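Breakdown of the fold
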Amino acid sequence: VDSAAERMPWARAGGATTTLTSPVHEAREAIRAANHGRLPRVVIDSTGNAGVFATALSLADRLGKVVVLGDTGQPTEQRLTSDVITRGITIVGAHDGLETAQWTMATITDLFLTLAATGRFSLEGLNTHFFAPSDCARAYETANRERSRTMGVVFDWRETA
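For the structure given in this document, a descriptive report is provided here. (Residues numbered from 1 in each chain as written. Predicted model: local features only at pLDDT ≥ 70, side-chain atom pairs only at ≥ 80, totals over all residues. Heavy atoms only, no water.)

**Here we look at the nonpolar core**
Nonpolar side chains tend toward joint burial in soluble globular proteins. To be explicit about the condition: Think of a nonpolar core as a cluster: buried Ala, Val, Leu, Ile, Met, Phe, Trp, Tyr and Cys residues, connected wherever their side-chain atoms sit within 4.5 Å. Think of it in three bands: with a 1.4 Å probe and only protein chains considered, a residue is buried below 20% of the maximum accessible area for its type, exposed above 50%, and partly exposed in between. Only runs of H or I of at least four residues qualify as helices and only runs of E of at least two qualify as strands under DSSP, and these elements are numbered from the N terminus. Every residue pair with non-hydrogen atoms within 4.5 Å of one another is taken to be in contact.
Among the nonpolar cores identified, the biggest contains 13 residues, and Ile31, Val43, Phe53, Leu57, Ala60, Val66 and Ile89 are the most heavily contacted of them. The element that contributes the greatest number of residues to this core is helix 3 (residues 52-59), accounting for four residues. Setting aside anything within four residues of it in sequence, one finds alanine 60 in contact with Leu39, Pro40, Val43, Lys65, Val66, Arg87 and Ile89.

**Quick notes on a nonpolar patch on the surface**
Filter applied, for reference: Residues enter patches when their relative accessible area tops 30% and they take part in no salt bridge; the joining distance is 9 Å for like charges and 5 Å for the nonpolar side chains Val, Leu, Ile, Met, Phe, Trp and Tyr. Per-residue and other accessible areas were derived by the Shrake-Rupley procedure at a 1.4 Å probe size, with only the shown protein chains allowed to occlude residues. Salt bridge, as applied in this entry: a Lys or Arg side-chain nitrogen positioned within 4 Å of an Asp or Glu carboxyl oxygen.
A surface patch of nonpolar side chains, amounting to about 350 Å² of accessible area, comprises Trp103, Met105, Ile108 and Leu111. When its relative accessible area of 37% is taken as the criterion, leucine 111 is described as partly exposed.

**Here we look at the layout of surface pockets**
Here is the rule: Both site types are read off a 1 Å grid over the protein atoms alone. A 1.4 Å probe that fits but cannot get out defines a cavity, while an open set with protein on both sides within 12 Å along at least five of seven lines defines a pocket; lining residues have an atom within 4 Å of a point. Grid points are joined across faces, edges and corners, and a volume is the space filled by probe spheres set on the points. Residue type decides the class: Asp, Glu, Lys and Arg count as charged, Ala, Val, Leu, Ile, Met, Phe, Trp, Tyr, Cys and Pro as nonpolar, and the leftover types, Gly among them, as polar.
Roughly 1500 Å³ of volume is contained in the largest pocket. As for the largest pocket, its lining consists of 33 residues, and the residues nearest its centre are Val1, Asp2, Ile44, Asp45 and Ser46. Secondary-structure elements contributing two or more residues to the lining of the largest pocket are helix 1 (8-13), helix 2 (28-34), strand 1 (42-45) and helix 3. Classifying every residue of the lining of the largest pocket gives 17 nonpolar, 12 polar and four charged.

**A closer look at the sheet that holds strand 2 (residues 65-68)**
Rules: Being paired, for any two strands, means DSSP has found at least two bridges between them. Only C-alpha atoms enter the line fits that serve as axes; for helices the fit covers just the stretch in contact. Angles between N-to-C directions range over 0 to 180 degrees.
Within the open sheet, the three strands sit side by side as 1-2-3. Their pairing is parallel. Two strands bound the open sheet, and with one partner strand each, they are strand 1 and strand 3 (90-93). On average, adjacent strands in this sheet sit at an angle of 20 degrees to one another, irrespective of strand direction. Alignment of strand 2 against strand 3, held across four bridges, turns out to be parallel. Residue valine 66 lies in a different strand from strand 3, and its bridge partner there is isoleucine 91. Contacting strand 1, strand 2 and strand 3, helix 3 crosses the sheet at an angle of about 170 degrees to strand 1.

**Re unusual backbone geometry**
The phi dihedral of histidine 36 is positive, around 55 degrees, even though this residue is not glycine. For histidine 36, the position within the fold is in the loop between helix 2 and strand 1. Histidine 36 gets classed as exposed once you look at its relative accessible area, which sits at 76%. Phi is positive for leucine 63, close to 65 degrees, though the residue is something other than glycine. Mapped onto the fold, leucine 63 is located in the loop between helix 3 and strand 2. Overall, leucine 63 belongs to the exposed group, its relative accessible area being 60%.

**Observations concerning the pattern of salt bridges**
Taken as a whole and judged by the stated rule, the model has eight salt bridges. Residues glutamate 146 and arginine 145 are paired through a salt bridge, measuring 3.4 Å at the closest nitrogen-oxygen approach. For glutamate 146, a relative accessible area of 19% puts it in the buried group. Taking the relative accessible area as the measure of exposure, arginine 145 reaches 56% and is therefore exposed. Overlapping salt bridges bring together Arg145, Glu146 and Arg149 as one network.

Below, the structure is given as structure tokens:
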């Protein structure tokens, strides 16, 4: 679910089976319809937008999970809802550096490279903007101004050699 239609091809290329162009707070029935009448067991909030968290909690099925992947920079702005108690929602924080015995940086990297090498995760089109290092201010301005059309920003360091 994304309000920016421009990002939907990236979602599909990454394996999304259904994409919905909508503000997330208006997508509940469309999500349910796409999931055979049920809410999803797992909802991933990768927005980094504190206001999305409460909606994400409401979109997870009973006894479901909400994975918080996006960093708001101000986690105190994220608010719990009664869904956590009344529907038994589990909240899982995910960030690099949270390794387990099974999921280390080495196993995660190996899985990612395997998925990319076998074509199960396409890297095509993920880098949308290329800048010289001397244009770093313009790169950040572009990423902030054109959020719906920006995926990966690459600094081409060959210019400095």
